[in-house]
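# A closer look at the structure
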Amino acid sequence: MAFIVAIDGPAGSGKGTITKLVGEKLGLINIDTGAMFRCVTLEMLKKNIRIDEEEKIKELLDKINIDMVGGQQELQIFLNGEDVSKKIREKEVNDFVSSVSTLKVVREKLLGLQRKIAEGKNVIMEGRDIGTVVFPNADVKIYLDATPEERAIRRVKQNMEKGITTSYEEALQNVKKRDEIDSKREIAPLKKAKDAIYINSTELTIEDEVRRIVDIIEKVKNK
Ligand code: DC
């Protein structure tokens with residue numbers, strides 16, 4: 001039987017790191033849905049497609065092929081066969097991705113893909129609307145949060161490890177702007193599902209967070 005853990009929360013709340021570590025510990029397949037929106041955004045930037053060019057976006061979505069390799073390790077993201085793991089984290093994509101993810105055509109296409117990828121598997125899937133829209137019946141739902149300032153600090157560090165230089169001010173601005181767009185959009189906005197467990201990670205270490213989430217999941221599994 002498939003087992004689904006949904007991890008939602010705002011940009012930079014630590015979802016990526018936590019999802020990877022919890023997935024490794026419990027043998028769950030890690031699916032990063034933000035990376036899928038980032039791939040669509042990168043492809044639009046490459047082809048110079050604007051947000052109001054719906055026909056061109058549809059055409060792009062018909063041809064797009066996104067693969068996530070790594071399962072329980074650091075994910076490698078392939079877009080139409082090319083490893084774009086690093087490119088999708090760059091500034092241009094960061095600045096545009098929230099706007100792209102407001103589009104109905106994009107959300108519909110990715111919703112189908114997200115459900116298909118998880119079919120029959122034990123997964124831990126991170127995003128903004130996993131517990132509310134993609135898998136409203138997920139076995140475990142977690143909503144991870146932290147202050148915008150803490151999330152900006154984490155973004156700077158995370159990017160540095162990936163060889164991308166970002167200033168604190170730039171990261172903070174981006175985090176705030178994305179919070180605004182992600183939570184105010186019409187379709188599938190970022191919000192805590194009623195039955196999700198809220199965790200504010202501002203003062204928690206990564207180890208504490210992982211331990212708490214692993215405990216929550218194990219309790220549900222052993223019920
Ligand atoms: O998690 P992330 O920062 O990589 O996500 C990038 C953007 O994708 C985010 O600003 C909003 C969008 N997104 C979304 O709308 N729904 C999801 N399930 C995941 C991401």
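Residues numbered from 1 in each chain as written. Predicted model: local features only at pLDDT ≥ 70, side-chain atom pairs only at ≥ 80, totals over all residues. Heavy atoms only, no water.

## Here we look at the side chain of T19
Threshold: Secondary structure elements follow DSSP: runs of H or I of four or more residues count as helices, runs of E of two or more count as strands, with numbering from the N terminus. Should any heavy atoms of two residues lie within 4.5 Å, those residues are counted as being in contact.
Checked against the element boundaries, T19 lands in helix α1 (residues 15-26). When sequence neighbours within four positions are dropped, the list of residues in contact with T19 reads I7, N30, I124 and E126.

## Some points on the pattern of salt bridges
Filter applied, for reference: One speaks of a salt bridge when a side-chain nitrogen belonging to Lys or Arg is within 4 Å of a carboxyl oxygen belonging to Asp or Glu. For each residue, the accessible area found with a 1.4 Å probe, counting protein chains only, is set against the maximum for its type, and the residue is called buried under 20%, exposed over 50%, and partly exposed in between.
Considering all chains together, one arrives at 22 salt bridges under this definition. Residue K58 pairs with E54 through a salt bridge whose shortest N-O separation is 3.4 Å. With K58 and E54 both in helix α3 (residues 54-63), this residue pair falls four residues apart, about one helical turn. Given the relative accessible area of 32%, K58 is considered partly exposed.

## Observations regarding the side chain of K141
Along the polypeptide, K141 turns up in strand β7 (residues 140-145). In contact with K141, other than residues within four places in its own chain, are A6, G131, F135, P136, A193, D195, A196 and I197.

## Side note on the nonpolar core
Inside soluble globular proteins, nonpolar side chains tend to come together where they are buried. Counted only if it meets this: By nonpolar core is meant a set of buried Ala, Val, Leu, Ile, Met, Phe, Trp, Tyr and Cys residues that side-chain atoms within 4.5 Å join together.
Counting 26 residues, the largest nonpolar core has V40, M44, I57, I66, I77 and V106 as its most contacted members. Within the residue set of this core, elements represented by two or more residues are α2 (33-46), α3, β4 (76-79), α4 (91-100) and α5 (104-118). The greatest single-element share of this core, amounting to seven residues, is contributed by α2. Look past the residues within four positions of V106 in its chain and what remains in contact with it is F37, V40, I57, L61 and V100. Within the second largest apolar cluster, 17 residues are counted, among which are V5, V22, I213 and I216.

## Remarks on unusual backbone geometry
Located in the positive-phi region is N80, a residue other than glycine, with phi close to 45°. Considering the arrangement of structural elements, one finds N80 in the loop between β4 and β5 (82-83). At A188, a position not held by glycine, the phi torsion is positive, near 45°. Examined against the element boundaries, A188 turns out to sit in the loop between α8 (168-184) and β8 (197-200). On the basis of relative accessible area, A188 is assigned to the buried category, the value being 11%.

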